[in-house]
Amino acid sequence: MKLHRRPKAAVEPNRPVPTPPTGEQLGGLGRIGRFVAKRHRWVALLWLVIIVAAGYLNVAFAGKTSDSFSVPGTNSQAAYDLLNEKFPSQNAATANLVFWVPQGQVLTSPQNAASVASIVAAVQKVDGVAPNGVLDPILASAQAVKLGLGNIPTFLSPDSQIAYTSVTFSDTVVALMGEFPPNGEKVATAYPNPYNELQSAISSVNAGPVEVKIGGAIADTWNQPVSWWGSHADEVGLGLGAILLLVAFGSIFGMAIPISTALFGAITAGGLVLLLADFITVSSAAPKVTLMIAIGVGLDYSLLIVTRYRQFLKDGYQVNDAVGMALATAGKAAMFAGITVAIALLGLLLVPIPLVRTLGVAAAIGVGVMILAALTLLPALFGLAGHKIDSFRFPFAFKDTSADPESSFWGKFATRMSKRPWTALVVGTIVLLICAIPFLSIDFGMPDDSSMPTNLSQQQAFVLMNEGFGQGVNAPLIVVASVPGATAATLPATLQPLTTELGVGKPAGTVPGVQYAVGPIPNAAGDAAIYQVIPSSGPNSNETQTLVSNLRKGIKAETAGTNIEAYVGGTTATLIDLTALVVKYLPYVVGAVVLGAFILLVMVFRSILVPLKAALMNLISIAAAYGIVVAVFQWGWAKELVGLHTTIPIVSFVPLIMFVILFGLSMDYEVFLMSRIREEWDTFHEPRKSVVLGVANTARVITTAALIMIAVFFSFVTIQNPTVQVLGFGMAVAVLLDSTIVRMVLVPAIMELFGKAAWWFPKWLEWLPKLNIEGSPELLDAEKANEKAMAAASASTPSE
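All of these numbers come straight from a predicted model, not from anything done at the bench.

Student: Please clarify how unusual backbone geometry should be interpreted in this entry.
Tutor: A negative phi holds for most residues other than glycine; trans holds for most peptide bonds. One non-glycine residue, N132, adopts positive backbone phi at about 55°. Tracing the sequence through the fold places N132 in strand β2 (residues 129-134).

Student: Help me out: how do you make sense of the sheet that holds strand β6 (residues 477-482) in this one?
Tutor: Hydrogen bonds along the backbone pair up the strands of a sheet, which may run parallel or antiparallel. One open sheet accounts for four strands, arranged β7-β8-β6-β9; its pairing is antiparallel. Looking at the sheet topology across the chains shown, the edges are occupied by β7 (514-522) and β9 (565-569). The mean angle between the axes of side-by-side strands here comes to 15°, regardless of whether they run parallel or antiparallel. Relative to β9, β6 runs antiparallel, the two sharing five bridges. Across the sheet, residue A481 finds its bridge partner in β9, namely A566. Across the sheet, helix α3 (residues 75-86) touches β6, β8 (528-535) and β9, and the angle it forms with β9 is around 115°.

Student: Got a minute to help me understand the pairing of β8 in this structure?
Tutor: In regular strands, side chains alternate between the two faces of the sheet. Counting buried positions along β8 gives seven out of eight residues, so the element sits mostly inside the fold. Counting the residues in the hairpin turn of β7 and β8 gives five residues, including G526, whose phi is positive at 80°.

Student: Looking at this structure, how should I read the nonpolar core?
Tutor: For soluble globular proteins, nonpolar side chains are generally found buried alongside one another. Residues F633, F653 and F713 are the most contacted members of the largest nonpolar core, which totals 168 residues. Considering every element that reaches this core, the biggest residue donor is helix α25 (residues 722-754), with 19 residues. Apart from residues lying up to four places away in sequence, F633 is in contact with V642, L644, T647, I648, I650, Q725, V726 and F729.

Student: What am I meant to see in helix α16 (residues 421-436) here?
Tutor: Three or four residues apart is the spacing at which side chains of an α-helix point the same way, because the helix has 3.6 residues per turn. Taking 1.5 Å of rise per residue, 16 residues should cover 22 Å, and α16 covers 22 Å from first to last C-alpha, within 8% of that figure. Taken residue by residue, α16 has P421, A424, L425, G428, T429, L432, C435 and A436 as its buried positions. With its buried residues spanning 120° around the axis, α16 presents them on a single face. Of the exposed residues in α16, the ones pointing more than 90 degrees away from its buried face are W422 and I434.

Student: Explain the environment of A475 to me, please; I cannot follow it from the model alone.
Tutor: Mapped onto the elements, A475 comes out in the loop between α17 (457-469) and β6. Classification of A475 by relative accessible area gives buried; the value is 0%. Sequence separation between A475 and V533 is 58 residues, and the spatial gap between their C-alpha atoms is 9.0 Å. When neighbours within four sequence positions are excluded, A475 is seen to be in contact with P535, S537, G538, P539 and T572.

Quick notes on the rules
- Residues numbered from 1 in each chain as written.
- Predicted model: local features only at pLDDT ≥ 70, side-chain atom pairs only at ≥ 80, totals over all residues.
- Heavy atoms only, no water.
- Helix = DSSP H or I, 4+ residues; strand = E, 2+ residues; numbered from the N terminus.
- Pairing = 2+ DSSP bridges.
- Axes fitted to C-alpha atoms, helices over the stretch in contact; angles between N-to-C directions.
- Contact = heavy atoms within 4.5 Å.
- Buried < 20%, exposed > 50% of the residue type's maximum accessible area, 1.4 Å probe, protein only.
- Core = buried A, V, L, I, M, F, W, Y, C linked by side-chain atoms within 4.5 Å.
- Expected span 1.5 Å × (residues − 1).
- Arc of directions from axis to C-beta.

Below, the structure written as structure tokens:
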């Protein structure tokens, strides 16, 4: 394969030179573009400084993210706050050690029990482990049996093959993360961290057949899956985008300019998000989500602007004028689309969950940075490249061989859809509705350690705990009770009604859904106590949700009229409350985003039916994407394709985040396609012709942009983070459905059925401002006049 440098085109002596646009015609964005193009070296230098600073932020603030979160105003958050006040030591970091011997062996044999004791002693000596922070599970279980205690938690499985104990550290997880920042590109045993210290202590003991698996918060924080693909998902996404751009534009410079813009913008956005994490709690998924969104929209917006810039160069405009006109037209549309996406993302601020809010803000930062890059860095790169943007041709690029848009592939396709509108509408809608069916059975929850890769210690520990002690041992609940004025002597009697309600010391099933309960365990002051309740079902089970609800009702009844303050908390209860809160606010966010988008589209297109059609089609396509996500991740259809070995529930806030992102992104294609259809309608006033020409003239760009986004989003599925995986897969599927079935099938069919009524606009709404997103009317008129003049000159030029 050879790259061919395109020779400079010979100047045609009779070809008219387009009239340069005036500053008034260009408008604000156009003048900015022309200004940047003229001073491209200074602007490029400024962006170089920004990149260096952003690179420093990415390094200096790496590891500042956290997976801890709060759910304000909920019962579980009240339990956490009370626990933090009365039992500050309970917030210390912990790990689980799960001991296991193969079939035919028991942990209680003298040799194996001695090995367990040696491991416990070695772990106790690890720096950071609290004094008496580790109990020997064999001795503790034997002591319980010796004392004849009732239904209390046993640390040894009935077959004596599995045992577990907890390791308590002196510091919290947050404090340890500050001292030992997690490194996502190295295995946990390759750099200093608490997990590595525990693993080293365990490995130092010759334990014979006894194996030890580390689980709990320490493992979940530092022992993360590491793979080249997962660590370089952003680079893979950029690489795939580069290939698609190279095929689309057919030149090295045409590919390199959008890639550079997206790369620089993504680095800057990532640095700003990590800087934000130094001030507020930001989810570990936020940087990856930001990169995914930033790269996707960055390439998308750059593609639109580069396409227009190349067209203006082809029409004979000078470089600076072509840059200004590209920003005045496509740049304005990209800015509008980006602001729409950012506003939709900021709609997550309506949800009173800090984790969800910071994800929305982080993604909005990514989109905002990309808008800035598209309007400043991209014009500077245009100025640097000039006419060379079409140099070094790629031989396998797409070529437009049809001079007449109506006779092109997409023109013929749109014509077929318009000729059979009811067939296209019914078939397309049925396909989307069938895809959406699984969404009706969506199961919200939080993926647990069992869904982690099978070679990770915490996954193995989780499975062993389930096997030896039942699913409930991985879904512990904590009941925190406070009795102002109580003492250590009076506290047990005061809490006796609560103790009875929880079934402490009673056989399993005495309280429906409770395997066993322990407590009350008082604090040092004697005015508060905690209970540990182990359900008989797993963390994502409906039975566990019912148990949490029943416990809260029973506690409320037992403490009514008393000064006892009691709440049900723990990770499982927190996730249940998180899901309930998300479900509660989901309609508000959806309503606000849909209403806001509808109003914006009304002002852009001066129509009622077109925005209504857009809202309904977007909702149906997003529901279809939800359905496919449920089928793959929850039902397990083709789950291996996304790297899963087991099914997982859908994280409750992921559909919420997916909705605001997808609704915003779908507006990009809606605006781009419908703007061209509107332009053709204003020219010909023929419904079918305007739709066919609109689709034919935009389908190639929309398809290319969609393919780039799909490639970028799919590349992030390789990251072993359930939130990022579901978001990446879901958004890739949604863009695929939106850019094919919706834009190329349903839109032509619906617009054909609407006919002239599509552009009906009531007079009583004429007071609404008109948003012009395709350049000023003066610029568009001047562009059309130049096109007519050039066409007339070409027609009058004698052929050789």
